[in-house]
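# Inside the fold
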Amino acid sequence: MSVLFLVIAALVLIYLGIGGTPAVVTLIVATVLGVIQDGWHPASLVFGGALLALALVLAIPGDLRRSRLSRPLLGWVRSRLPKLSDTEQEALKSGSVDWDGQLFSGQPDWNALFDARPAHLTSEEQAFLDGPVETLCGMLDDWKITHEHYDLPDKVWRYIRENGFFGLVIPKEDGGLGFSATAHSEIVMKISTRSVSAAVTVMVPNSLGPGELLMHYGTDEQKQHYLPRLAGGEDIPCFALTSPVAGSDAGAIPDKGIVCKGTWNGEEVLGLKVTWNKRYITLAPVATLIGLAIKVYDPDHLLGEDDEVGVTCVMVPRETEGVNAGARHLPMNTVFMNGPTWGNDVFIPMTQVIGGQDMLGKGWTMLLECLSIGRSISLPALGTGAGKLASLATGSYAYTREQFGRSISQFEGVQEALEPIAGYTYMMDAARLLTAGMLDRGVRPSVPSAVLKYRNTDLMRIVINHAMDVVAGRGVITGPRNFLARAYQAVPIGITVEGANILTRSLMVFGQGAIRCHPFIVEEIEAAGMDDQDEAVRRFDGIFYRHIAHTTRNALRSTVLALTGGYLEPVPRQGDLKRYYRQLARFSSAFALMTDVTLLSVGGGLKARQRLSGRMADALVHLYYASAVIKQWHEEGYPDDQRPLVEWCLQTCLRDLQRSLRAAILNFPVKALRWPLRLLVFPVGAVGLNGPDDRLGARVARTIVDDTPLRHRISRGVFVTEDPADPLGRVLNAYRLANDTAGVRDRLHEAIRHRDEDDLDGIALLMGHQRKELVQWACKEGLVKESECEHLETALTALYDVIRVDAFDGDGLQALARCAKGKRKVVERPVDQA
């Protein structure tokens, strides 16, 4: 009994997270009670005492533990920890840990999530959205931009410059607007619902680029000179990172700068002779200030003894001799300015290094810090905007489109497509706002930024594809009437840029998060890397046993919470979401356990196990998005009309979370660990979390069809017009008229279903499209009041107009083709031929 009592006491202490003196006393008391229960039997004394002695050695720091256990364990751990490149080490040092750290802990503190200051707009920021942003959106005609101008019109460029759109985040004292990350996100999102090209044009100078880097790292002289010019649009910036041979592997950039002396403004100064070849660079064709990421070398040792200085960020004025830019890419037929830039032995002085000469070799850290900011805002906002536009337009279209005498929104097959459009849009918006709130609190969310970029752009693809399924042929035909084509074409851009989603998912999210967000791994890596062995053992000894307790606790919690349905877990009562909190707590523990087992067993081979890393990344995504939905509903005061959406999102996240962890276990690379992991994580099997049922799905589908405040909440932030000449306005106008005349049209449809087969005139009218004659016939038959006739005819005209598609004159298209022949010339770059 002494052994049994001791083991039970130890497991309870570990489960509850109790250590120190209380734990030691409890273990001693439990052992003594067990010995007494055994009648002081010698075997009980021996085995119980021996096990107690081992437990005390593990629990109490001392020379014995350090010399006999910690020192040899440190050598073993060094062999298991992932081998990190210089780039990866820099990545671990950059950014901050926030709610993502709570999820990796295995025991998230929900009150910490609720207490975190949420995303919000100031009155000045809201006024900018309601004023200049609204005006800008009204100036944008995406069809003409894409098919006639191949660029934003001059008046739009001028308006963007004059109204501070290029200086959204630049401080007011430097000539900018000084807006928050939330405002930046809202502005980009709203513009994107009108024109992807305009949204990209605005978002890039405000995310990763010379402006962001100068704000954080620039010298006073650089800030005073460049920031006002950037904020006012006098200088147009771009930042060139991607090279033909180094895309996602940014650490392998071949572009270089050689330290040398040269002439600048008539004076001989120390500087860099820069050679680069970059592509996919947004705003490069029109940029007047080109930011570059290069590797600096000092072969003549003008700076010191090292030949290689490291990755450095520099600024090259466009007018500098040797700079090549102006050629354009056309990303999926969107026409925002994007293209290559190159140069060979272009000299710039050290004053053009961002941060000055002291920041040579520190460019990678600078980029990582700023990437987490821009990646949290730009593409996630664009993805959310696409979802909101699809929700508003597709829900309206489904209501107005009739087949077999009924709105297609009543068809279960259509509802099955509308359901994820509404649910995923709500989810994207929640995650966007959660992360923007982090940024506004000063957090630099390196892992959440990767999660958000990957998932929001992926959900954008899912939502837009479902929207195209509903709109069908109406969405396939390109033309000024099409309200989905541009978003559909832009999907691969978001998927690909700022870190391709495949590599973001399989390498960055979990590969970086498992170490960066882990409560102990970073400290263990630092201890293992120390040259002073005694100090390394001392540091390691203070961490490793807490790590073991952490892993054991999560193993216990994962199993116990799975067996009890999470009922042993104290959870918040707000919103009556207790069953969801319990499951999320359970899976957070399971995720933390899986993280430790993966690092322990796979170790440095994790980078090669990208299927495992990708599945674990998906698990983190679902934990994060479920948390974001809860946070959003909490901040809005738990409105009851949002409950179907909230429950749909949580049930979807839990279903997908279970699938991800189950797949990770079934395919775990160390086969001997598969069954133990299944027993710990799924002791009764992966059952009970099947996602939303059809009844809930139908309710969610109705949220973007029915004219309710919730429909407006889901689409909040979309530029709205009811102008019948506008592609979206045409649908919204028809939707309003359809709602206004619903009762009248119901009577008309009822008459059709019960029509007299001998009434040949009525049947001919009903089967045709003579709306005026149809209304006259309905009045004659007493189906419609005379006062309703004009409004009904207007509505029927709008309902027919909304399903029309564009058709172009064949001769005109041929003439256009003749004019374009030979005009699009491919630019050959000398560097490509080297």
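Look up: the structure comes first, before these words.
Here we summarise the structure given alongside this text. Note that the structure is a prediction, hence the values are computed from the model and not measured.

Helix and strand counts for the protein chain come out as 34 helices and nine strands. The 834 residues of the protein chain split such that 54% are buried. In the protein chain, 77% of the contacts between residues at least 6 apart in sequence involve partners at least 24 apart. Here the protein chain has roughly 35800 Å² of accessible surface; of this, 53% comes from carbon and sulfur atoms.

The next thing to look at is the environment of Ile-160. In this structure, Ile-160 sits in helix 10 (residues 154-162). Since its relative accessible area comes to 0%, Ile-160 is described here as buried. Spatially, the C-alpha atoms of Ile-160 and Pro-132 are 9.0 Å apart, while their sequence positions differ by 28 residues. With residues up to four places along the chain from it excluded, the contact list for Ile-160 reads Leu-136, Leu-152, Phe-165, Phe-166 and Val-202.

Positionally, Cys-370 belongs in helix 15 (residues 363-400). Each C-alpha atom, one on Cys-370 and one on Glu-212, is 6.9 Å from the other, the two residues being 158 residues apart in sequence. Setting aside residues up to four positions removed in sequence, Cys-370 forms contacts with Leu-208, Glu-212, Leu-213, His-216 and Tyr-217.

Before going further, it helps to spend a moment on helix 12 (residues 196-203). With eight of its eight residues buried, helix 12 lies for the most part within the structure. Along helix 12, the positions that sit buried rather than exposed are Val-196, Ser-197, Ala-198, Ala-199, Val-200, Thr-201, Val-202 and Met-203.

With that settled, the discussion passes to the side chain of Thr-394. Looking at the secondary structure, you find Thr-394 in helix 15. For Thr-394, the residues in contact, after removing those within four places along its chain, are Leu-389, Leu-418, Ile-421, Ala-467, Val-470, Val-471 and Leu-484.

Turning next to the pattern of salt bridges. If you walk through the whole model with that rule in mind, you get 33 salt bridges. Its salt-bridge partner being Arg-432, residue Asp-429 comes within 2.7 Å of it at the nearest N-O pair. Taken together, the residues span about one helical turn, with Asp-429 and Arg-432 both in helix 16 (residues 412-440) at a distance of three residues. Owing to a relative accessible area of 2%, Asp-429 belongs among the buried residues under this scheme. Accessibility expressed as a relative area gives 1% for Arg-432, which makes it buried. Each of Glu-186, Lys-388, Asp-429, Arg-432, Glu-636, Arg-713 and Arg-716 takes part in a single network of salt bridges with overlapping partners.

With that out of the way, let us pick up the nonpolar core. Soluble globular proteins tend to pack their nonpolar side chains together in the buried interior. In terms of nonpolar packing, the biggest core is built from 193 residues, with Phe-165, Ile-191, Leu-272 and Tyr-625 touching the most fellow members. It is helix 24 (residues 610-635) that contributes the most residues to this core, 14 residues altogether. Those residues within four positions of Ile-191 in sequence are excluded, and the remaining contacts are Val-133, Leu-136, Cys-137, Leu-140, Phe-165, Ala-198, Ala-199 and Val-202. By size, the runner-up hydrophobic cluster in this structure holds 25 residues, among which are Ala-231, Leu-241, Ile-354 and Leu-371.

This next bit is on a negative patch on the surface. A cluster of acidic side chains, namely Glu-305, Asp-306, Asp-307 and Glu-308, defines a negative patch on the protein surface. By the element assignment, Asp-307 lies in the loop between strand 4 (289-297) and strand 5 (308-317).

A separate point is the packing of aromatic side chains. Throughout the structure, instances matching the rule amount to 17 aromatic pairs. Measuring from centroid to centroid gives 5.3 Å for Tyr-399 and Tyr-735, while their planes differ by 65°, and the two rings are edge-to-face. In this pair, Tyr-399 is assigned in helix 15 and Tyr-735 in helix 29 (residues 727-740), connecting sequence segments 336 residues apart. Overall, Tyr-399 belongs to the buried group, its relative accessible area being 16%. These aromatic residues form a ring-pair network of at least three members: Phe-128, Tyr-159, Phe-165 and Phe-179. Directly above the ring of Trp-675 sits Arg-678, whose terminal nitrogen or CZ lies 4.4 Å from the centroid. The aromatic ring of Tyr-735 is capped on one face by Arg-711, whose charged end is 3.9 Å from the ring centroid.

Our focus in this paragraph is unusual backbone geometry. In this model, Asp-345 sits at a positive phi of 55°, which is unusual for a non-glycine residue. Along the chain, the position of Asp-345 falls in strand 7 (residues 338-349). Judged by its relative accessible area of 45%, Asp-345 is partly exposed.

Attention now moves to the packing of helix 16 against helix 17 (residues 446-471). As a packed pair, helix 16 and helix 17 sit with axes 9 Å apart at the nearest point and diverge in direction by 155°. One way to sum up the angle between helix 16 and helix 17 is to call them roughly antiparallel. Where helix 16 crosses over helix 17, the two elements pack in a sense that is left-handed. The residues of helix 17 that touch helix 16, namely those facing Val-414, Ala-417, Leu-418, Pro-420, Ile-421, Tyr-424, Thr-425, Met-428, Ala-431, Arg-432, Thr-435 and Met-438, are Pro-448, Leu-452, Arg-455, Asn-456, Leu-459, Met-460, Ile-462, Val-463, His-466, Ala-467 and Val-470. Broken down by class, the residue content of the contact of helix 16 with helix 17 amounts to 17 nonpolar, four polar and two charged.

Under the criterion given, the structure shown has one cavity of 30 Å³ or more. By volume, the largest cavity amounts to about 30 Å³. The wall of the largest cavity is formed by Tyr-424, Met-427, Arg-455, Val-621, His-622, Tyr-625, Thr-652, Cys-653 and Asp-656. Of all the elements in the fold, those that place two or more residues in the lining of the largest cavity are helix 16, helix 24 and helix 25 (643-666). Classifying every residue of the lining of the largest cavity gives five nonpolar, two polar and two charged.

With that settled, consider the environment of Tyr-625. The residue Tyr-625 is located in helix 24 in this model. What makes Tyr-625 buried here is its relative accessible area of 1%. For the pair Tyr-625 and Arg-455, spaced 170 residues apart in sequence, the C-alpha to C-alpha distance is 9.1 Å. Setting aside residues no more than four positions away along its own chain, Tyr-625 makes contact with Met-427, Met-428, Ala-431, Val-451, Leu-452, Arg-455, Asn-456, Leu-459 and Cys-653.

A few words now on a nonpolar patch on the surface. Judged by side-chain polarity, Ile-8, Val-12 and Leu-16 come together as a nonpolar surface patch covering roughly 270 Å² of accessible area. Within the secondary structure, Ile-8 sits in helix 1 (residues 2-16). On the accessibility criterion, Ile-8 (44% relative accessible area) is partly exposed.

Moving on, we get to the packing of helix 25 against helix 27 (residues 694-702). At a closest axis distance of 9 Å, the pairing of helix 25 and helix 27 adopts a crossing angle of 125°. What the angle tells us is that helix 25 and helix 27 run oblique. Note that helix 25 runs across helix 27; the crossing there is left-handed. The residues of helix 27 that touch helix 25, namely those facing Pro-644, Leu-645, Glu-647, Trp-648 and Gln-651, are Leu-696, Gly-697, Arg-699 and Val-700. Here the contact of helix 25 with helix 27 is composed, by residue class, of five nonpolar, two polar and two charged.

The rules behind each value
Residues numbered from 1 in each chain as written. Predicted model: local features only at pLDDT ≥ 70, side-chain atom pairs only at ≥ 80, totals over all residues. Heavy atoms only, no water. Helix = DSSP H or I, 4+ residues; strand = E, 2+ residues; numbered from the N terminus. Buried < 20%, exposed > 50% of the residue type's maximum accessible area, 1.4 Å probe, protein only. Contact = heavy atoms within 4.5 Å. Areas by Shrake-Rupley, 256 points an atom, 1.4 Å probe, with all protein chains shown as cover. Salt bridge = Lys/Arg side-chain N within 4 Å of Asp/Glu carboxyl O. Core = buried A, V, L, I, M, F, W, Y, C linked by side-chain atoms within 4.5 Å. Patch = residues over 30% accessible without salt bridge, like charges linked within 9 Å, V, L, I, M, F, W, Y side chains within 5 Å. Lys, Arg positive; Asp, Glu negative; His and termini not counted. Charge placed at Lys NZ, Arg CZ, Asp CG, Glu CD. Phe/Tyr/Trp six-rings, centres within 6.5 Å; stacked < 30°, edge-to-face > 60°. Lys NZ or Arg CZ within 6 Å of the ring centre and 35° of its normal. Axes fitted to C-alpha atoms, helices over the stretch in contact; angles between N-to-C directions. Parallel < 35°, antiparallel > 145°, perpendicular 65-115°, else oblique. Left-handed = near helix turned anticlockwise from the far one by under 90°. Nonpolar A, V, L, I, M, F, W, Y, C, P; charged D, E, K, R; others polar. 1 Å grid on protein atoms, 1.4 Å probe; cavity = no way out; pocket = protein on both sides within 12 Å on 5 of 7 lines; lining within 4 Å. Points joined across faces, edges and corners; volume = space filled by probe spheres on them.

No statement about biological role is implied by the geometric values presented.
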